[in-house]
Each structure stands twice: as structure tokens, then as C-alpha cells.
Amino acid sequence: MAATSLAAAPFRQHKPDKLRQLGIMSLNGMFDEMDGVGVLRQAATDLLKDDIAIVSSFGADSAVLLHMVSEVDRTLPVCFLETGKHFPETLDYVATLERALGLSNVIALRPDDKDVLRFDPGGDLWETDPDSCCHVRKTEPLDVAVSGFGGWVTGRKRYQTAERGVLPHFELTSDDRIKVNPLAYFSDADITAYKLKYGLPEHPLYTKGYKSIGCAPCTSVVAEGEDPRAGRWRGLNKKECGIHFDFNGAIAKPMAAEDLTLFKDGAFIADPFRAWSEGDDAASVRYTHVPLPVFLAQRDAFLANPHPLGLLVAPGDNVELAAPDLSRFASVAIAFPGFTDGRGYSSARLVVERHGYKGEVRAVGDVLADQIPLMRRCGITAFVVRHEPTRKALREGKLATVDVFYQPVGKTEVPLGTRPFLRRAVENV
Ligand code: SF4
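Just so we're clear, the structure is a prediction, and the values are computed from it rather than from any experiment.

K.L.:
Can you walk me through the site of the ligand in this structure?
P.N.:
Around the ligand sit ten residues, and of these Pro130, Cys133, Cys134, Cys215 and Cys218 come closest. Ranked by residue count, the leading element in the shell around the ligand is helix H8 (residues 130-146), at five residues.

K.L.:
I'm lost on unusual backbone geometry in this one. Help?
P.N.:
Phi at aspartate 50 takes a positive value of approximately 60°, unusual for a residue other than glycine. Mapped onto the elements of the fold, aspartate 50 is located in the loop between helix H3 (36-47) and strand S1 (52-56). With a phi angle near 50°, phenylalanine 58 is a residue other than glycine that sits in the positive phi range. Tracing the sequence through the fold places phenylalanine 58 in the loop between S1 and helix H4 (62-72). Owing to a relative accessible area of 0%, phenylalanine 58 belongs among the buried residues under this scheme.

K.L.:
Sorry if this is basic, but what is going on with the environment of serine 212 here?
P.N.:
Along the chain, the position of serine 212 falls in the loop between helix H9 (188-198) and strand S7 (262-264). Take serine 212: its relative accessible area is 8%, and that puts it in the buried class. Between the C-alpha atom of serine 212 and that of glycine 59, which follows or precedes it by 153 residues, the distance is 6.7 Å.

K.L.:
Would you mind showing me how to read the pattern of salt bridges here?
P.N.:
Oppositely charged side chains may form a pair once their charged atoms are brought near each other. In the structure shown here, the tally under the stated rule is 17 salt bridges. Taking the shortest distance from any N to any O, the salt bridge between arginine 362 and glutamate 360 comes out at 2.7 Å. Judged by relative accessible area, arginine 362 falls into the buried class, the value being 2%.

K.L.:
Help me understand the nonpolar core, please; the structure alone is not making it clear to me.
P.N.:
One broad trend across soluble globular proteins is that nonpolar side chains are buried collectively. Core analysis: the largest hydrophobic core is formed by 40 residues, its most contacted members being Ile52, Ile54, Phe58, Val64, Met68, Phe170 and Val180. When residues of this core are assigned to their parent elements, the largest contribution, seven residues, is made by H4. Not counting the four nearest positions on each side in its chain, isoleucine 52 is found in contact with Ala43, Ala44, Leu76, Pro77, Phe149, Gly151, Trp152, Val153 and Val180. Counting residues in each nonpolar core, the second largest holds 37 residues, with Val313, Ala369, Ile372 and Val385 among its members.

K.L.:
Just to check I follow, could you spell out the sheet that holds strand S3 (residues 106-109) for this structure?
P.N.:
Across a sheet, strands are paired by hydrogen bonds formed along the backbone, either parallel or antiparallel in direction. Judged by pairing direction, the sheet is mixed, and its six strands sit side by side in the order S3-S2-S1-S4-S6-S5 without closing on themselves. Of all strands in the sheet, those with a lone pairing partner are S3 and strand S5 (170-172), marking the two edges. Pairs of neighbouring strands in the sheet enclose a mean axial angle of 30°, with direction left out of account. Bridge count between strand S2 (residues 78-81) and S3: four bridges; the pairing is parallel. Opposite leucine 81, over in S3, you have leucine 109 as the bridge partner.

K.L.:
Before we go on, may I ask you to explain the sheet that holds strand S14 (residues 382-384) in this structure?
P.N.:
One open sheet holds the eight strands; their spatial order is S8-S7-S14-S13-S12-S11-S10-S9, and the pairing between them is mixed. Among the strands making up the open sheet, the edge pair consists of strand S8 (267-269) and strand S9 (274-275). The pairing of strand S11 (residues 310-313) with strand S12 (residues 331-336) spans four bridges and is classified as parallel. Bridging from a neighbouring strand, leucine 312 pairs with alanine 333 of S12. In the packing of helix H12 (residues 343-354) onto the sheet, the strands contacted are S11, S12 and strand S13 (360-365), and the crossing angle to S12 comes to about 160°.

K.L.:
What's the story with the packing of aromatic side chains in this structure? I'm lost.
P.N.:
Two descriptors summarise a pair of aromatic rings, namely the distance from one centre to the other and the angle between the planes of the rings. Using the criterion set out here, one finds nine aromatic pairs in the structure. Ring centres of phenylalanine 58 and phenylalanine 80 lie 5.3 Å apart, and the angle between their planes is 80°; this geometry places the pair in the edge-to-face category. Taken together, the positions of phenylalanine 58 in the loop between S1 and H4 and phenylalanine 80 in strand S2 put the pair 22 residues apart, joining distant regions of the chain. Exposure class is identical for phenylalanine 58 and phenylalanine 80. Each is buried. The interplanar angle of 45° and the centroid separation of 4.7 Å between the aromatic rings of tyrosine 194 and tyrosine 198 together place this pair among those described as tilted. Placement of both tyrosine 194 and tyrosine 198 in helix H9 is noted, with a separation of four residues, approximately one turn of the helix. You can call tyrosine 194 buried: its relative accessible area is 12%. Of note, lysine 211 hangs over the ring of tyrosine 206, and the distance from its end group to the ring centre comes to 4.2 Å. When the ring centre of phenylalanine 268 is taken as reference, the NZ or CZ atom of arginine 391 above it lies at 4.3 Å.

K.L.:
Quick question: what am I supposed to make of H9 here?
P.N.:
Side chains that are three or four residues apart share a direction in an α-helix, a result of its 3.6 residues per turn. Listed in full, the buried residues belonging to H9 are Ile191, Tyr194 and Lys195. Taken down its axis, H9 places every buried residue within 95° of arc, on the same side. The outward face of H9, more than 90 degrees from its buried face, is lined by the exposed residues Ala189, Leu196 and Lys197. Here the buried face of H9 lies against H4. Glycine 199 sits one or two positions beyond H9 and adopts a positive phi of about 55°.

K.L.:
Sorry, what's going on with a negative patch on the surface here?
P.N.:
On the surface, Asp112, Asp113, Glu140 and Asp143 cluster together to form a negatively charged patch. Relative to the assigned elements, aspartate 143 resides in helix H8. For aspartate 143, a relative accessible area of 41% corresponds to the partly exposed category.

Cut-off values and rules
Each chain has its residues counted from 1, following the order in which its sequence is written. Local features in this predicted model are restricted to residues of pLDDT 70 or higher, and side-chain atom pairs are both shown and tallied only at a pLDDT of 80 or more, whereas totals for entire chains, interfaces and linings draw on every residue. Side-chain calculation: all heavy atoms of the structure are included, whereas hydrogens and water are not. One heavy atom suffices: a residue is near a molecule or strand as soon as one of its heavy atoms comes within 4 Å of it. The secondary structure listing takes helices from DSSP runs of H or I that are at least 4 residues long and strands from runs of E that are at least 2 residues long, numbered from the N terminus. Each residue gets one of three labels from its accessible area relative to the maximum for its type: buried under 20%, exposed over 50%, partly exposed in between, using a 1.4 Å probe on protein chains only. Every case where a carboxyl oxygen of Asp or Glu lies within 4 Å of a side-chain nitrogen of Lys or Arg is listed as a salt bridge. Side-chain atoms within 4.5 Å are what join buried Ala, Val, Leu, Ile, Met, Phe, Trp, Tyr and Cys residues into a set we call a nonpolar core. Residues count as neighbours in contact if any of their non-hydrogen atoms are within 4.5 Å of one another. Criterion used throughout: strands pair if DSSP finds at least two bridges between them. Axis definition: a line fitted to C-alpha atoms, limited for helices to the stretch in contact. Angles are taken between N-to-C directions and run from 0 to 180 degrees. Between the rings of Phe, Tyr and Trp (Trp by its six-membered ring), a pair exists once the centres lie within 6.5 Å; its type follows the angle of the planes, with under 30 degrees stacked, over 60 edge-to-face, and the other angles tilted. Working rule: Lys NZ or Arg CZ, within 6 Å of ring centre, within 35 degrees of ring normal, means a charge sits over the ring. Picture the helix axis, draw a direction to every C-beta atom, and the arc is the one those directions span. What goes into a patch is any residue over 30% in relative accessible area without a salt bridge, connected to like charges within 9 Å or, for nonpolar side chains (Val, Leu, Ile, Met, Phe, Trp, Tyr), within 5 Å. Note that accessible areas follow from Shrake-Rupley with a 1.4 Å probe, and for residues the cover is restricted to the protein chains shown. Counting rule for charge: Lys and Arg are taken as positive, Asp and Glu as negative, and neither His nor the chain ends is counted. Where a charge lies is defined by one atom per residue type: Lys uses NZ, Arg uses CZ, Asp uses CG and Glu uses CD.

Written out as C-alpha cells, the structure reads:
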């Protein structure tokens, strides 16, 4: 590694975490309005004092979080995943930021030699099995290091990917640690403005077209206007290295229970999306369900918009017209304006069955308990529900089941009116 003085990784005993009792929901409620450095200060000097580490990739945007660290406490442990696969420029950048920001506790987390010898003796695992490569070189070393802390800090932002679109300031991980995301609400422009304001050194590769920088074999230059993360694991169906896989596992937003209107994966959660409003700008709007006719009228602008968006399909809309662009949307909302209007079921089936849409499909409008089993059959997986008896039924898992249908879906549903022996045949498929 270039001139830098990285200490050995510490191994510490995990302390009992007082924050668990407070609950992540209250934490997010208390600090939702706080700016990034304020969130970091609260976490590092009060809530998780002496029990928190920073995890940094020393990539294109890392200087922002690390500058905040220098403002709060330069001795905080900063973990750098030294995978052995970084660009030399990244290793130089570690030394540059250490020096420029006065960070005195940068720790290199290296993969276990025995694991590398066993699983990646040729150093080319990234080519054939990048998930395993990331596991050996990132996830395992990080797990060992953070096991000694009650929480750790990441530099993730909401705008980066659709999966990060509801990222809160505080998350509870599946192993009961707290992940703190001081930059969760930062936009692309906020990052640039922050770097300029404090004159932060740029990663040497940034000006060469690398907008998101990880290991050298898995990072490529992005074209002008391309999503910055498109250069990571290009051509592979991979967006995260694995260290953040339990994202969303137990996040909560600072809202009252009645404001959590989106029922998804068995629980009511905060809805990151809102409805389209008159005056919204197609080029910059984010987390908004765009009505299908509005999308078609300004298609080019919406396709160039880098932010997560949803599509709203109302009765009478021709879904086929948006079919080539469905994968651009993180969510498709199907409108059910009234109990007696069944056109939404057909729209959902077209989106899911005919066009193979894999994102979230949600029902909005007059969503009632009796409809939900039928909606689920059509591929709808999320429901915006305001009707209190329906909310209660969902909370308690008391929805009616329907076993026989006029219009069966797939091979296993039984058409109403068929003879018993035919039903048995279908049931045995
Ligand atoms: S980013 Fe690539 S090289 Fe780095 S650990 Fe993951 S697969 Fe391996």
C-alpha cells in the first residue's frame, strides 16, 4: 500500500446496547430533521459513545463523511475494507485523506489469508463468482471488525439506488446492531456542494470518469449522463457487495402508526413515494408515481431523470404503451378507484405476467380487505390502505381466503363451476 499507516483491526467484546431499548423508530423520529454531521455527532459522542466505527470505501464520495468524522472526533475508528483488489489510486487516496483530515485511527480490514487461499487462490474469483469474492474479501472481515461495536456508520445515500430509496438515518441490523447513515438524505448536488465548500480532495480517478469507485476489477468508467453506479459490477445483476444486505430488515420511519400506509412484506411501513402534483418537473422529480399519460407525454425527460420513480396506471390507461420502459420504474401503482371497478386486476396481470415486471406492484385507491386476496393473485404485492377495518385485518392477519375463481390464474386455481373430479385434477397439479 502507498504511504499510509494503517493500524491492525481491533477485536473487541460487544457491549450491551442501550439504544435497542429506545427503538429505532424513536431514534429516527428524534433525529429526522438533523443534518448529517449532527446525526454523526449524536451517534458518536452520545448514543453510541466509544461503541461505534465508521466504514468507508475511500471512494468517490467518501471525503464528505470522513470530513464530518474529522469535525466530530478524529480518533474515531475508520474501517477501510482493504480487499487486495483496489486501484493504486484508491490506496493513495487513503493516505491523502488521512493526512488532509487528520484522521488518526484508520484501520485496514483485510481478508483472512486462509479464506483467500481456499476460495480464491488464483485471485480471479471476482470473475466467476463475485458474490463469493465480496463475501471473502468484504463481508467476513467487516463482520469480524464490527462484532466489537454496537453500531457502525455508512456513507450510503437514498438517491444512489432504488433499493436505498427509503434509507433512514438509523437502521437496526439483523444482528441487533445499529447502522447510522448520516448522508441518507443527501442528494447528488448536496455531495458536490459539500466537497466544494470544504475544498475536499477528489479521488484521483473521479475526473477520469469513475463516478463510483470500488475494487479495480469490478469498477468501470461511466458515460456522461449514466447512473454513477452503473460502472460497478457492470453487466452483472449485482448492486451491493453484501455488507449492506440486511438493509431494510428492520428500518422504521419517524411517523405515527396511522401514517404508515403502505402494507408490504407483512407490515405497515412508511411510504417513500408520493403522488404526482401539477407543477412537478419531469427531469428532477423523485419518489413519485407518475401517471401513465404524463409519462408518455414527457417520456424522454423521465427516462433521463436519474432518481427512483414509480408509474401510476389508472383504469383505461393502456399499459402496453409503457411496456418497453417498465423496468425503469421502482414501483408500479395500480389504481382501484372503486370496489366495482375491476380493470386494475387486468392491468396488474399485464404488468406482471405479460411483461415480466419484477419491481413493486402496489394497489392504491379503494383498497379493501375482500379485494386484497384477489389482488395478490394478480401479482400485487403492496397495498396502500387507509380503510381502518382493512388495516386492522391486515395487522392481525385476518384476511378471507378464496379458493375457487371465475377467472383462474396460473395452473393451480380451480375454476368455479367445474366438476369435483376436475377440481381434484387441478388441485393435484
Ligand atoms: S468488488 Fe469485485 S474484486 Fe472486490 S471483493 Fe467484490 S467481487 Fe471481489
